[in-house]
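# Per-entry structural report
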Amino acid sequence: MTASAGMAAGAGPSLLDFLNSADGAALRSRFQEKTMPKGALFRDQDRADRVFVVVSGRLRAYLTAEGRELSLAYLTEGEIFSTHTRAEIAAVEDTRLLLAERRMLESELAHYPPLRAAIIRVLARVLSQAMTVIEDLAFHDVRGRIARYLLRCARRDEKVEVGQIIRVGLSMDELAALLGSTRQTASTEFNALIREDVIARHGRQHFILRDTAKLRAAAGVAEDVS
């Protein structure tokens, strides 16, 4: 879950690739361009029944209640999402979008097979990420969620092994929101894993894996998690 929330959208051209192609030019002309500075939220007028494609930057989709936040997904270049959900949508970085009415896009699906394939790939990734969030919250404590997240990050690059640098790519506040924890609790558990020599800090948002077996044990798995 990537940060950029973590997982790749899948093989094949992205929706943005298609819209930037000659075949997708006519469809792209029906999208409205929008920019969002870092920290901006979708306004009410943007939250009509629309879909959007991220051109550049990064967005966070999250739920909020009683001062708590739970991140559902981080959306990056080429990915698509709907405004017609209960999720809040905020720009993590300066971001450019293409916005379109959902009904218009649905009416075009039959005419653009690459559009269908690109949308299915992104929705499958976001659904997988949401299921991972639910599973972690339901069955694992904060330390277990952290360990499982670190294993997922490690798997993005190569085989999980001692000495590997794990690129987290999120601040502690962002990690806490993604893992359904407070910043203080998440920080405490990370520090405990460091004291126990399971991981070691390696600059900002990077860790070195020191003990694979202990990390998997904390995650509650015998093998890597997906």
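To start, this report covers the structure provided alongside it. (Residues numbered from 1 in each chain as written. Predicted model: local features only at pLDDT ≥ 70, side-chain atom pairs only at ≥ 80, totals over all residues. Heavy atoms only, no water.)

### Topic: the packing of aromatic side chains
Taken as a whole and judged by the stated rule, the model has four aromatic pairs. With 6.2 Å between their ring centres and 55° between their planes, F52 and F81 make a pair best called tilted. Here the residue F52 occupies a position in strand β2 (residues 50-56), and F81 occupies one in strand β5 (residues 80-82), the gap between them amounting to 29 residues. The buried category is assigned to F52, whose relative accessible area is 0%. Members of the aromatic cluster, each reached through a chain of ring pairs, are F42, F52 and F81. Over the ring of Y62 we find R60, and its NZ or CZ is 3.9 Å from the ring centre. (Phe/Tyr/Trp six-rings, centres within 6.5 Å; stacked < 30°, edge-to-face > 60°. Helix = DSSP H or I, 4+ residues; strand = E, 2+ residues; numbered from the N terminus. Buried < 20%, exposed > 50% of the residue type's maximum accessible area, 1.4 Å probe, protein only. Lys NZ or Arg CZ within 6 Å of the ring centre and 35° of its normal.)

### Observations regarding the nonpolar core
Formed by 35 residues in total, the largest nonpolar core has its most connected members in L15, L27, F31, F52 and L59. Residues within four places of L15 in sequence aside, it is in contact with V53, G78, I80, L115, A118 and I119. Within the second largest apolar cluster, 28 residues are counted, among which are Y149, A154, L170 and L209. (Core = buried A, V, L, I, M, F, W, Y, C linked by side-chain atoms within 4.5 Å. Contact = heavy atoms within 4.5 Å.)

### Quick look at the sheet that holds strand β10 (residues 206-209)
Pairing in this open sheet of three strands is antiparallel, and the strands run β8-β10-β9 from one edge to the other. Of all strands in the sheet, those with a lone pairing partner are β8 (165-167) and β9 (199-201), marking the two edges. Across the sheet, the mean angle from the axis of one strand to that of its neighbour is 35°, orientation sign disregarded. Here three bridges tie β9 to β10, and the two strands are oriented antiparallel to one another. Bridge assignment links A200 to a residue of β10, and that residue is I208. Lying over the sheet, helix α5 (residues 142-155) contacts β8, β9 and β10, oriented at roughly 100° with respect to β8. (Pairing = 2+ DSSP bridges. Axes fitted to C-alpha atoms, helices over the stretch in contact; angles between N-to-C directions.)

### Examining the pairing of strand β4 (residues 68-75)
Within a regular strand, side chains alternate between the sheet's two faces. As judged from the seven bridges shared by strand β3 (residues 59-65) and β4, these two strands associate in the antiparallel manner. Looking at the pairing, A65 lines up with R68 of β4. Here β3 folds back onto β4, and the loop between the two strands holds two residues, one of which, E66, carries a positive phi near 55°.

### Here's the deal with unusual backbone geometry
The phi angle of most residues is negative, glycine excepted, and most peptide bonds adopt the trans form. You will see that D197, though not glycine, has its phi angle at about 60°, which is positive. One can find D197 in the loop between α7 (183-195) and β9.

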